[in-house]
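Below, each chain spelled out in residue letters.
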Amino acid sequence: QVHLAESGGGSVQAGGSLGLSCLVSRSILSTSCMAWFRRARGKEREKVATVDSVGVTTYAESVKGRFTISRDNAKNTLYLHMNSLKPDDTAMYYCAADTYSCDLNPAFAYWGQGTQVTVSS
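It should be emphasised that the depicted structure is a prediction, and the values quoted were computed from it without experimental measurement. (Residues numbered from 1 in each chain as written. Predicted model: local features only at pLDDT ≥ 70, side-chain atom pairs only at ≥ 80, totals over all residues. Heavy atoms only, no water.)

### Describing the state of the cysteines
No. 1: Applying the stated rule across the entire model yields two disulfides.
No. 2: Across the disulfide, C22 is cross-linked to C95 (sulfur-sulfur distance 2.0 Å). Around the S-S axis, the bridge from C22 to C95 shows a dihedral of about 60 degrees and counts as right-handed. In this pair, C22 is assigned in strand β3 (residues 18-24) and C95 in strand β9 (residues 91-98), connecting sequence segments 73 residues apart. Exposure class is identical for C22 and C95. Each is buried.
No. 3: One disulfide bridge connects C33 with C102, the sulfur atoms lying 2.0 Å from each other. Measuring handedness by torsion sign, the sulfur bridge of C33 and C102 sits at about 90 degrees and is right-handed. A residue pair is termed long-range when its members are at least 10 positions apart, and C33 in strand β4 (residues 33-39) and C102 in the loop between β9 and β10 (110-111) qualify at 69 residues.
No. 4: With relative accessibility at 2%, the residue C33 sits in the buried group. (Disulfide = S-S within 2.5 Å. Helix = DSSP H or I, 4+ residues; strand = E, 2+ residues; numbered from the N terminus. Buried < 20%, exposed > 50% of the residue type's maximum accessible area, 1.4 Å probe, protein only.)

### Concerning the sheet that holds β3
No. 1: Taken together, four strands build an open sheet; the order of strands is β1-β3-β8-β7 and the sheet is antiparallel. The sheet terminates laterally at β1 (4-7) and β7 (67-72), the two strands that pair on one side only. Each strand axis lies, on average, 15 degrees off the axis of its neighbour in the sheet, ignoring direction.
No. 2: For β7 and strand β8 (residues 77-82), the ladder comprises six bridges, and the chain directions are antiparallel. Bridged to R71 within β8 is L78. (Pairing = 2+ DSSP bridges. Axes fitted to C-alpha atoms, helices over the stretch in contact; angles between N-to-C directions.)

### Here's the deal with the nonpolar core
No. 1: Ranked by size, the top nonpolar core spans 27 residues in total, and within it W36, L80, M82 and Y93 carry the most contacts.
No. 2: Counting only elements with at least two residues in this core, the list comes to β3, β4, β5 (46-51), β7, β8, β9 and β11 (115-120).
No. 3: Ranked by size, the runner-up nonpolar core spans six residues in total, among them A35, F37, A96 and F108. (Core = buried A, V, L, I, M, F, W, Y, C linked by side-chain atoms within 4.5 Å.)

### Quick notes on the pairing of β8
Remark: a regular strand shows side chains that alternate across the two faces of the sheet.
No. 1: Bridge count for β3 against β8 is six bridges, and the pairing is antiparallel. If you follow C22 over to β8, its bridge partner there is L78.
No. 2: Counting the residues between successive antiparallel strands, the hairpin from β7 to β8 contains four residues, one of them, N76, with a positive phi of roughly 50 degrees.

Taken by themselves, the reported measurements are silent on function.
Structural data, given as structure tokens:
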């Protein structure tokens, strides 16, 4: 019943920027945890960033200082702005959501289909 749809992926040169968006079909952003994950070929899925209902964020060490997660509850949209992209950032990026707060360490019940980000040297 909750549908997430990512957009904004593409190809970019190293050092460039991309912004990803995730549109959520149901208004759960105000009281839910949202996150971005990524999975590169040959690697396990990695949690990139999370944002809770009051704007508290977490980031993977690999993206700290380069990526910013944010949410616009009025637009039911989650964002990930990525700066200073590296080839190692190449992955399929997924948005995920749960009706529980990030503080409750939720298992993410809802996932988008993913959007590919490719960073070339």
